[in-house]
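This is what each chain is made of:
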Amino acid sequence: MPLSRIFAIVALLYGATLALATFMWKQPMFRLFQSEQATGMAFLVAAVFFAPFVVTFTKLGLNTAEGEEPSAETKKRLAMLSKECPMWPVAWYGSIGFIALSWLGSMIVGDAIHPFFAFSAAVSLASGMWFAFVYPTAKRLFDESAKSK
């Protein structure tokens, strides 16, 4: 099993646990998430899971610098990736939607929903879905070093 697949499974499991904790963090079963350090640690671990996503996404030429307009090439690559891998829009927009809904929910119902666990869950799940489903397709399409071998 490739290392990226193992990484994806671990990131997905961690993200799913945090997604549950987003809504269940006050329950006795989730007492670990009630400590003062839980939010910071959840974010730190999520950042570790998200960093490889950012690196590979950038390396494959799919990102745009903040504040800049995406180049025609970047737009073309993202459109091609969406066409070739239907899981890409689900991973990207699903993560953004989960964060937005949980933050909105926390504004409505208060601390019953933990928005910082939601953010950490979303970035972990996005990274897990990237490496499980999207990265193999993106690598095949855009990795010049793999094409030259």
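Our subject is the structure listed above.
Below, the structure is looked at part by part. (Residues numbered from 1 in each chain as written. Predicted model: local features only at pLDDT ≥ 70, side-chain atom pairs only at ≥ 80, totals over all residues. Heavy atoms only, no water.)

### Topic: the layout of surface pockets
Short version of the rule: With a 1 Å grid laid over protein atoms only, a set of points is called a cavity when a 1.4 Å probe fits there but cannot get out and a pocket when it is open yet has protein on both sides within 12 Å along at least five of seven lines; lining residues have an atom within 4 Å of a point. Grid points are joined across faces, edges and corners, and a volume is the space filled by probe spheres set on the points. Helix and strand definitions here come from DSSP, where helices need a minimum of 4 consecutive H or I residues and strands a minimum of 2 consecutive E residues; each element is numbered from the N-terminal end. Residue type decides the class: Asp, Glu, Lys and Arg count as charged, Ala, Val, Leu, Ile, Met, Phe, Trp, Tyr, Cys and Pro as nonpolar, and the leftover types, Gly among them, as polar.
Its boundaries defined by the atoms lining it, the largest pocket holds a volume of some 190 Å³. In terms of lining residues, the largest pocket is bounded by F50, F53, V54, F57, T58, L62, N63, T64, L78, W88 and W92. Mapped by element, the contributors of at least two residues to the lining of the largest pocket are helix 2 (38-59) and helix 4 (87-109). Of all the elements, helix 2 adds the most residues to the lining of the largest pocket, at five residues. Here the residues of the lining of the largest pocket sort into eight nonpolar, three polar and no charged.

### Side note on helix 1 (residues 3-24)
Operational definition: Multiplying one less than the number of residues by 1.5 Å gives the expected span of a helix. In this scheme, a residue with accessible area under 20% of its type's maximum is buried, one over 50% is exposed, and one in between is partly exposed, where area comes from a 1.4 Å probe on protein chains only. Picture the helix axis, draw a direction to every C-beta atom, and the arc is the one those directions span. Residues count as neighbours in contact if any of their non-hydrogen atoms are within 4.5 Å of one another.
Here helix 1 is 22 residues long and its end C-alpha atoms lie 31 Å apart, about the 32 Å a rise of 1.5 Å per residue gives. Those residues of helix 1 that sit buried are A8, A11, G15, L18, A19, A21 and T22. Projected onto a plane normal to the axis of helix 1, the buried residues spread over an arc of 160° and lie on a single side. Opposite its buried face, helix 1 presents the exposed residues L13 and L20, each directed more than 90 degrees away. Looking at the buried positions of helix 1, the neighbouring elements they touch are helix 2, helix 4 and helix 5 (115-142).

### Some details on the packing of helix 2 against helix 5
Spelled out, the test is: Here an axis means a line fitted to C-alpha atoms, over the contact stretch when the element is a helix, while the angle between two N-to-C directions is reported on a 0 to 180 degree scale. Geometric relationships in this document are graded by angle, where less than 35 degrees denotes roughly parallel, more than 145 denotes roughly antiparallel, 65 to 115 denotes roughly perpendicular, and other angles denote oblique. Each crossing gets its hand from how the near helix is turned against the far one by less than a right angle, where anticlockwise is left-handed and clockwise is right-handed.
Remark: helix 2 packs on helix 5, axes separated minimally by 8 Å, with the N-to-C direction vectors making an angle of 30°. Viewed along their axes, helix 2 and helix 5 adopt a mutual orientation that is roughly parallel. Crossing angle aside, the handedness with which helix 2 passes helix 5 is left-handed. Across the interface between the two elements, A38, T39, A42, F43, A46, F49, F50, P52, F53, T56 and F57 of helix 2 pack against F116, F117, F119, S120, V123, S124, S127, W130, F131 and Y135 of helix 5. Classifying every residue of the contact of helix 2 with helix 5 by side-chain character gives 16 nonpolar, five polar and no charged.

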